[in-house]
Amino acid sequence: MGQFAIIGWGSLIWDMDGLERHVAGDWRMRAGPALPLEFSRVSAKRLGGLAVCIDPEHGAPCPTHVIASVRTTLDEVVEDLAARERTAPERIGLAMPGDGLRRSRLPGVAEAIAGWCAAAGWAGAVWTDLDANFADEKGEAFSIPAAERHLAGLRGPSHVEAVRYIEEAPASTDTPLRRHLAQQAWWRAAAAALPGAG
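Rules and cut-offs
Residues numbered from 1 in each chain as written. Predicted model: local features only at pLDDT ≥ 70, side-chain atom pairs only at ≥ 80, totals over all residues. Heavy atoms only, no water. Helix = DSSP H or I, 4+ residues; strand = E, 2+ residues; numbered from the N terminus. Rg over C-alpha atoms; globule rule 2.2 N^0.38 Å. Buried < 20%, exposed > 50% of the residue type's maximum accessible area, 1.4 Å probe, protein only. Areas by Shrake-Rupley, 256 points an atom, 1.4 Å probe, with all protein chains shown as cover. Lys, Arg positive; Asp, Glu negative; His and termini not counted. Charge placed at Lys NZ, Arg CZ, Asp CG, Glu CD. Axes fitted to C-alpha atoms, helices over the stretch in contact; angles between N-to-C directions. Parallel < 35°, antiparallel > 145°, perpendicular 65-115°, else oblique. Contact = heavy atoms within 4.5 Å. Nonpolar A, V, L, I, M, F, W, Y, C, P; charged D, E, K, R; others polar. Pairing = 2+ DSSP bridges. Salt bridge = Lys/Arg side-chain N within 4 Å of Asp/Glu carboxyl O.

Trainee: Account for the overall build of the chain, naming residues and giving values.
Mentor: Looking only at helices and strands, the chain features seven helices and nine strands. Against the 2.2 N^0.38 benchmark of 16 Å for 198 residues, the chain shows a C-alpha radius of gyration of 17 Å, consistent with a compact globule. When its C-alpha atoms are laid out on the principal axes, the chain stretches across 50 × 35 × 25 Å. Evaluated residue by residue, the chain yields a buried proportion of 51% over its 198 residues. Summed over all atoms, the accessible surface of the chain reaches about 9000 Å², with 53% contributed by carbon and sulfur. Here the chain carries 20 positive and 25 negative side-chain charges, and the mean point of each set is 4 Å from the other.

Trainee: Please give an account of the packing of helix H5 (residues 156–168) against helix H7 (residues 185–192) that cites residues and values.
Mentor: The geometry of H5 relative to H7 is characterised by a closest axis approach of 10 Å and an angle of 95 degrees between their N-to-C directions. In this view, H5 runs roughly perpendicular relative to H7, as classed from their interaxial angle. Residues His159, Ala162, Val163, Ile166 and Glu167 of H5 touch H7, and the partners they reach there are Trp186, Trp187, Ala190 and Ala191. Tallied by class, residues from the contact of H5 with H7 come to seven nonpolar, one polar and one charged.

Trainee: Please provide a residue-by-residue account of the sheet that holds strand E4 (residues 50–54), values included.
Mentor: An order of E4-E3-E5 is seen for the three strands of this open sheet, with the pairing classed as antiparallel. Because the sheet does not close on itself, it has two edges, and the strands there are E4 and strand E5 (60–62). The mean angle between the axes of side-by-side strands here comes to 50 degrees, regardless of whether they run parallel or antiparallel. Where strand E3 (residues 35–42) lies against E4, four bridges are found, and the strand directions are antiparallel. Pairing of Val42 across the sheet is with Leu50, part of E4.

Trainee: Outline the pattern of salt bridges, listing residues and values.
Mentor: Inspection of the entire model under this criterion finds 14 salt bridges. For Glu85, the salt bridge identified is with Arg84, shortest N-O distance 3.3 Å. Taking relative accessible area as the criterion, Glu85 reaches 16% and is therefore assigned buried. Exposure remark for Arg84: the relative accessible area of 2% places this residue in the buried category. One network of salt bridges, with partners in common, ties together Asp15, Arg46, Glu161, Arg164 and Glu168.

Remember that the coordinates give geometry; whether it matters functionally is a separate question.
Below, the structure written as structure tokens:
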């Protein structure tokens, strides 16, 4: 039986937050399945900043990254990622190749990842399966202008964390919002002002 893969695309790459005890080797950058990603989740963990999530409606296909778990059961891998994400195990997606277990909040995602597992030789994979909650949190549909207004309205530590989170995401997490922000003078100034920037 092969290893289990943990798929990442955001802060998990640079902030394992305890997960490092349960993985082997380094991140295999751009080795994961392409998934539709966008910064469309208002995150309490990120002080109200926008976290990146799988969002077929608003996102763009982006390469993802994988790291091998040292665990021998899929349940253990799920528990490890749930602990890092401070969420319930039911909010961690999972897929195994063939007729194995599959779970995702989005139609087709688990099936696509199961196919990727089979092609790449993984026994199974897990990923953070949190929803794009912008509309629920903000009372308006997600859009680039709405997301920019939200980010521009953050102050203090929330502002710093929001900018840092998007700026430190892997460059391959090249979403419509991120491309838009890179063209805005206020955002570039905020990024340049981050501690350690430049």
